[in-house]
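Fold and contact review
Single-letter residue listing:
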Amino acid sequence: MLGVCYYPEHWDESRWETDARRMVELGISFVRIGEFAWSRIEPSRDRFEFAWLDRAMDILAKAGLKIVLGTPTATPPKWLVDECPDILPYDKDGKPRGFGSRRHYTFSSETWWKESARIVEIIAKRYGNHPGLAGWQTDNEYGCHDTTISWGPEDLKSFKRWLRLRYQSVDQLNEAWGSVFWSMELNGFEDVVLPNLTVTEPNPATRLDFWRFHSEQVAAYDRMQCDIIRKHSPGRWITHNFMGFTLDFDHFKVGDNLDLASWDSYPIGFVEKFPFSEAERNRWAETSHPDIAPFHHDLYRAVGKGKFWVMEQQPGPVNWAPWNPVPKPGMVRLWTWEALAHGAEVVSYFRWRQATFAQEMMHAGLNLAGLDEWSPGGLEARQVARELAALGNLPQTDRAPVALVFDYQSYWSTVIQPQGRDFRYEELCFRWYEALRRLGLNVDFVRPGASLEGYPLVVVPCMTEVDEVARAALEKAGGTVLIGARSGSRDRNFRFPENLPPGPLASLSGNRVVQVATLRPGLSHPVHGQVSGAGVRWREHLEATGEVLARFDDGNPALTEKDRVLYLACWADEALLSGIMTLAAEKAGLSTLFVPDFIRIRRRGNLVFAFNYGTQDWALPDGAVPVLGEPVLKPQAVAAWQTI
């Protein structure tokens, strides 16, 4: 189904009924409202104005639309900030981040928790059983605008409390943090300071705990909202709309609170956010890279325990990237179908009508700015709605043949101590995913420690800390396992494991890492053997007891195998990574379809979808009779065909 994000408070009430009617005519089924409306709902303390929202919900429901209601906690109103300045977040320089945009709160403030619980309960009581209400969205885009971590007095107070519960005694804290180094030992928990404003690098173990602390706060804050909603709104589902390439908190732990995950898909904007080369950015500027949206579809399907939406789908140019091109004709349709092919239950566009004022007025909508006139993206959304109606129900999404173990803490650890400036966890995972998708393979994301049984191929790009549960899951996997460099390189206190990296994976992989080199841009170490290419950015010197499948030029192992476990001792360049993924797929017994780098394939049940991000035509495989699209896939086009 299709949905849309709507802001009735932005438009004269005389337009609401027309808007609702036109949504239905377009093929919209769901409409999200309310997530930024606190100041309209409660203009001042305990003075509530619900009549406008009552009428808006009644109008939308009467038109046959299902409503997703957002809790308005992403935008505390001015009167609340004035009353309670302790809710404000602080930046890394120790300066408060003030009122005037959004997400101006810290998860550490007890006052903020009380005020959030208060407004969520009031709204849940009033609308929890509204006949048009289908579900809820908690808050909006946790972590957006670098707002997961705050560095203020409320954060220090909460962090000290968290450390007391975690370590019980200051002696245990000093031991865990290695505080004897540089005379950083503390005499009591009251001596704890935030890991910022230091002369040089703060203690990495302290920074990791500070990150864990904030991540746990996000999950607990979300759970508080979910508990209130479930109490007053039984039978309605709850989601949160996550962001792309935002790894500052563990999304899996927030997902544990939810009935389904959702995310906000801005494929072109993310081209600028991701560390692509300038050549790649220019190539994909008007279409996006073919794996940006799919990477997140598959990630959030996992976060949502198999269920996800796209809550905000880019319908045209956006406003927030350094450059904001118009998508090529056909891309809004392509992105919509691609989300559905990856298992999305609903694709919801942001927004209904382009705003004529404020920060997002340059952000396109399904209607032109201020008008009741379809935008180019709106016309493509209408086309998808008609195609969906003609095609009928899509088959269920099957388990993929490949599992990619994705670990948020590995991102934090490698940011804290990258060792090489260009070691970026999110980029590493993305490149492994890209190489698998270029073989025509479906990929499931899996959290560390979850069962891997039944997957023919399991890939672990990097998992810095491997606890007993995660190690056991890899041992029981059963299929071929490919483990990347830097895995098992730290224990829970950010120390080297006693047996050196890969620590808990030593016996499984048959390796011990004795030295590590980081390679500046332009420096590479060639690799030859069953695969060839080069190691770049990161290279490990191994003592290997398993079979060596490929070596560096100096003769040291680059790729090893022991009992179906492959270990890669470097960051692989494109040629090496392609060869390794092809080899791993062969060892796993998977059939592959190597496609051009501008084509992507996705299977959903007995339907196979193809997407063309390029500038050339591509002929569908022999025997493919399309039920959607044409036998020759034009640029920015979509096709689907059935398999037996």
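Residues numbered from 1 in each chain as written. Predicted model: local features only at pLDDT ≥ 70, side-chain atom pairs only at ≥ 80, totals over all residues. Heavy atoms only, no water.

1. Some details on the overall build of the chain
For the chain, the count of helices and strands is 19 helices and 26 strands. The globule rule puts the C-alpha radius of gyration for 644 residues at 26 Å, and the 25 Å found for the chain is close to it. With respect to the three principal axes, the spread of C-alpha positions in the chain is 75 × 75 × 40 Å. The buried share among the 644 residues of the chain stands at 61%. Partitioning the intrachain contacts of the chain with sequence separation of at least 6 by distance along the chain shows that 70% fall at a separation of at least 24. For the chain, the accessible surface area stands at approximately 24700 Å², while carbon and sulfur atoms represent 51% of it. Within the chain, the 82 negative side-chain charges are centred at a point lying 2 Å from the centre of the 70 positive side-chain charges. (Helix = DSSP H or I, 4+ residues; strand = E, 2+ residues; numbered from the N terminus. Rg over C-alpha atoms; globule rule 2.2 N^0.38 Å. Buried < 20%, exposed > 50% of the residue type's maximum accessible area, 1.4 Å probe, protein only. Contact = heavy atoms within 4.5 Å. Areas by Shrake-Rupley, 256 points an atom, 1.4 Å probe, with all protein chains shown as cover. Lys, Arg positive; Asp, Glu negative; His and termini not counted. Charge placed at Lys NZ, Arg CZ, Asp CG, Glu CD.)

2. Examining the nonpolar core
In terms of nonpolar packing, the biggest core is built from 183 residues, with Trp337, Phe406 and Leu559 touching the most fellow members. Per-element accounting of this core gives the leading share, 12 residues, to helix H8 (residues 204-232). Counting 22 residues, the second largest nonpolar core, distinct from the first, contains Leu452, Val481, Leu508 and Val513. (Core = buried A, V, L, I, M, F, W, Y, C linked by side-chain atoms within 4.5 Å.)

3. Looking at the state of the cysteines
For the coordinates displayed, the defined rule picks out zero disulfides. Cysteine Cys462 is unpaired, with the sulfur of Cys429 as its nearest cysteine sulfur at 7.3 Å. The class for Cys462 is buried, based on a relative accessible area of 0%. (Disulfide = S-S within 2.5 Å.)

4. So, the sheet that holds strand S1 (residues 2-5)
Two strands in a sheet stick together by hydrogen bonds in their backbones, pointing the same way (parallel) or opposite ways (antiparallel). Strand order in the open sheet formed by nine strands is S5-S4-S3-S2-S1-S9-S8-S7-S6, and the pairing between neighbours is parallel. With one partner strand each, in any of the chains shown, strand S5 (237-239) and strand S6 (241-242) form the two edges of the open sheet. Running at roughly 170° to strand S4 (residues 133-137), helix H5 (residues 110-127) makes contact with strand S3 (66-70) and S4 of the sheet. (Pairing = 2+ DSSP bridges. Axes fitted to C-alpha atoms, helices over the stretch in contact; angles between N-to-C directions.)

5. Side note on the packing of helix H6 (residues 153-167) against H8
Each packed pair of helices is defined by two parameters, the angle between the axes and the distance between the axes. At a minimum axis separation of 10 Å, H6 and H8 run at an interaxial angle of 100°. The angle between H6 and H8 falls in the class roughly perpendicular. On H8, the residues touching Asp155, Ser158, Phe159, Trp162, Leu163, Arg166 and Tyr167 of H6 are Thr206, Asp209, Phe210, Arg212, Phe213, His214, Glu216 and Gln217. Looking at the contact of H6 with H8 residue by residue, the class counts come to six nonpolar, four polar and five charged. (Parallel < 35°, antiparallel > 145°, perpendicular 65-115°, else oblique. Nonpolar A, V, L, I, M, F, W, Y, C, P; charged D, E, K, R; others polar.)

6. Some points on the sheet that holds strand S26 (residues 638-642)
Strands sit in the order S21-S22-S26-S24 across an open sheet of four strands; the sheet is antiparallel. Only two strands of the sheet have a single partner each, and these edge strands are strand S21 (599-604) and strand S24 (626-628). The sheet shows a mean angle of 30° between the axes of neighbouring strands, taken without regard to direction. Pairing between S21 and strand S22 (residues 607-612): six bridges, direction antiparallel. Opposite Arg603, over in S22, you have Val608 as the bridge partner. Lying on the sheet, helix H13 (residues 331-341) is in contact with S21, S22, S24 and S26; it crosses S22 at an angle near 150°.

7. As for the pattern of salt bridges
In the structure shown here, the tally under the stated rule is 46 salt bridges. Of the charged contacts in the structure, one is a salt bridge between Arg281 and Glu272, with a shortest N-O distance of 3.9 Å. For the pair formed by Arg281 and Glu272, the shared burial category is buried. A salt bridge links Glu427 to Arg537; the shortest N-O distance between them is 2.9 Å. Here the residue Glu427 occupies a position in helix H16 (residues 425-437), and Arg537 occupies one in strand S16 (residues 533-544), the gap between them amounting to 110 residues. No difference in accessibility class separates Glu427 from Arg537, as the two residues are buried. (Salt bridge = Lys/Arg side-chain N within 4 Å of Asp/Glu carboxyl O.)

8. Overview of H13
Taking burial as the measure, the 11 residues of H13 include 11 buried ones, the bulk of the element. Among the residues of H13, those classed as buried are Met331, Val332, Arg333, Leu334, Trp335, Thr336, Trp337, Glu338, Ala339, Leu340 and Ala341. At the C-terminal side of H13, Gly343 shows a positive phi close to 110°.

9. Side note on the confidence of the model for the chain
Chain-level pLDDT for the chain is 98 on average; 100% of the residues reach the 70-or-more range. Across the chain, the secondary-structure element scoring lowest on mean pLDDT is helix H10 (residues 267-273), at 95, and the one scoring highest is S5, at 99. (pLDDT = per-residue confidence, 0-100.)

10. Brief notes about the environment of Ala477
Here Ala477 lies in the loop between helix H17 (468-475) and strand S13 (480-483). In sequence terms Ala477 and Val384 are 93 residues apart; their C-alpha atoms lie 39 Å from each other. Residues contacting Ala477, with those up to four places away along its chain left out, are Leu452, Glu453, Gly454 and Val458.

11. Some thoughts on a nonpolar patch on the surface
Judged by side-chain polarity, Val180, Phe181 and Trp182 come together as a nonpolar surface patch covering roughly 390 Å² of accessible area. Its place among the elements puts Trp182 in the loop between helix H7 (170-177) and H8. According to the relative accessible area criterion, Trp182 is exposed, its value standing at 58%. (Patch = residues over 30% accessible without salt bridge, like charges linked within 9 Å, V, L, I, M, F, W, Y side chains within 5 Å.)

12. Considerations on unusual backbone geometry
Cis peptide bonds are those with omega within 30 degrees of zero, and the linkage from Phe350 to Arg351 qualifies with 10°. Mapped onto the elements of the fold, Arg351 is located in the loop between strand S9 (347-349) and helix H14 (376-391). Residue Pro501 is joined to Pro502 through a cis peptide bond whose omega torsion reads 5°. Assignment of secondary structure puts Pro502 in the loop between S13 and helix H18 (506-509). Positioned with a positive phi, Arg537 is a non-glycine residue whose angle comes to about 65°.

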